[in-house]
Amino acid sequence: MLKVGLTGGIGSGKSEVSRRLAARGAVVVDADKIAREVVEPGTPGLAQIVAAFGEEVLRPDGTLDRERLGSIVFADTEKLRVLNGIVHPKVGERSEQLQREAPDDAVVVYDVPLLAENNLAPLYDVVIVVDTPDDVRLERLLRSRGMPEADARARIAAQASREDRLRIADIVIGNSGSLDELDAQVDKVWQDLTARAF
């Protein structure tokens, strides 16, 4: 089993890379997806978040209002630390379960947005960084996610710098061009990963 850490800042296109690797046969463990699962209604994770941040982080239907919670925690590093202390251990437990269920010869790609921030690079055989200039990421967040500019800038600022991410990279995928260019890079990376795995 080859354990691959995949990371990139918000708006870098990491999810596009993750989808393309899955289409080529990788077993993808998506930390963001798991982070949403562990705070669904009825979970201990959601109960802990409400206890820490109050009922105002819930929507009327009882689901977590991620945008409201994001605006609270990305403006206050202590509150972000509290949230991470609730969510990260639960994400780790579920990720380990998914790894145990993968075939022994799998290329397991862990899609981890905060890999650099949480010093997780040593956990992986290979670290892939999707690298995109900050101005391109900002424009994508404004255009494709409709995020207010102040929120987009705060989220970019709350994450590791490009330099910090590149420092831990074994493989860098530049993603400021077209999807065809991205596909071509992912093809080469997949060949590299399968060569390492077998």
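Residues numbered from 1 in each chain as written. Predicted model: local features only at pLDDT ≥ 70, side-chain atom pairs only at ≥ 80, totals over all residues. Heavy atoms only, no water.

Undergrad: So what's going on with the overall build of the chain? Residues and values would help.
TA: Counting its secondary structure elements, the chain contains nine helices and five strands. Overall, the chain shows an N-to-C arrangement of helices and strands of β-α-β-α-α-α-α-β-β-α-α-α-β-α. What you see for the chain is a C-alpha radius of gyration of 17 Å, in line with the 16 Å of a compact globule of 198 residues. Sorting the 198 residues of the chain into buried and exposed places 40% on the buried side. Of the contacts formed within the chain by residues at least 6 apart in sequence, a portion of 72% connects residues at least 24 apart. Surface summary for the chain: the accessible area is close to 10,400 Å², and the carbon and sulfur share equals 50%. (Helix = DSSP H or I, 4+ residues; strand = E, 2+ residues; numbered from the N terminus. Rg over C-alpha atoms; globule rule 2.2 N^0.38 Å. Buried < 20%, exposed > 50% of the residue type's maximum accessible area, 1.4 Å probe, protein only. Contact = heavy atoms within 4.5 Å. Areas by Shrake-Rupley, 256 points an atom, 1.4 Å probe, with all protein chains shown as cover.)

Undergrad: Residues and numbers for the packing of aromatic side chains, please.
TA: Evaluation of the coordinates by the stated rule reveals one aromatic pair. Ring plane angle 50° and centroid distance 5.4 Å describe the contact between Tyr110 and Tyr124, whose orientation is recorded as tilted. Note that Tyr110 is positioned in strand 3 (residues 107-111) and Tyr124 in the loop between strand 3 and strand 4 (126-131), a separation of 14 residues in sequence. Since its relative accessible area comes to 13%, Tyr124 is described here as buried. (Phe/Tyr/Trp six-rings, centres within 6.5 Å; stacked < 30°, edge-to-face > 60°.)

Undergrad: Give a description of the sheet that holds strand 5 (residues 171-174) that names residues and reports values.
TA: Pairing is parallel across the open sheet formed by five strands, whose spatial order is 2-3-1-4-5. The two strands at the open ends of the sheet, each matched to only one other strand, are strand 2 (27-30) and strand 5. Taken pair by pair, the neighbouring strands of this sheet meet at an average axis angle of 20°, ignoring direction. Pairing between strand 2 and strand 3: four bridges, direction parallel. Bridging from a neighbouring strand, Asp30 pairs with Asp111 of strand 3. (Pairing = 2+ DSSP bridges. Axes fitted to C-alpha atoms, helices over the stretch in contact; angles between N-to-C directions.)

Undergrad: Describe the nonpolar core, naming the residues involved and giving the relevant values.
TA: Within the largest apolar cluster, 29 residues are counted, with the highest numbers of intra-cluster contacts made by Ile49, Phe53, Leu64, Leu69, Leu83, Val87 and Val91. Of all elements in the fold, only helix 2 (31-37), helix 3 (44-53), helix 4 (66-73), helix 5 (77-101), strand 3 and strand 4 reach the threshold of two or more residues within this core. The contact partners of Leu83, leaving out residues within four places of it in the chain, are Ile49, Phe53, Leu69 and Val73. Of all hydrophobic cores here, the second largest spans 18 residues; its members include Val109, Val130, Ile173 and Leu182. (Core = buried A, V, L, I, M, F, W, Y, C linked by side-chain atoms within 4.5 Å.)

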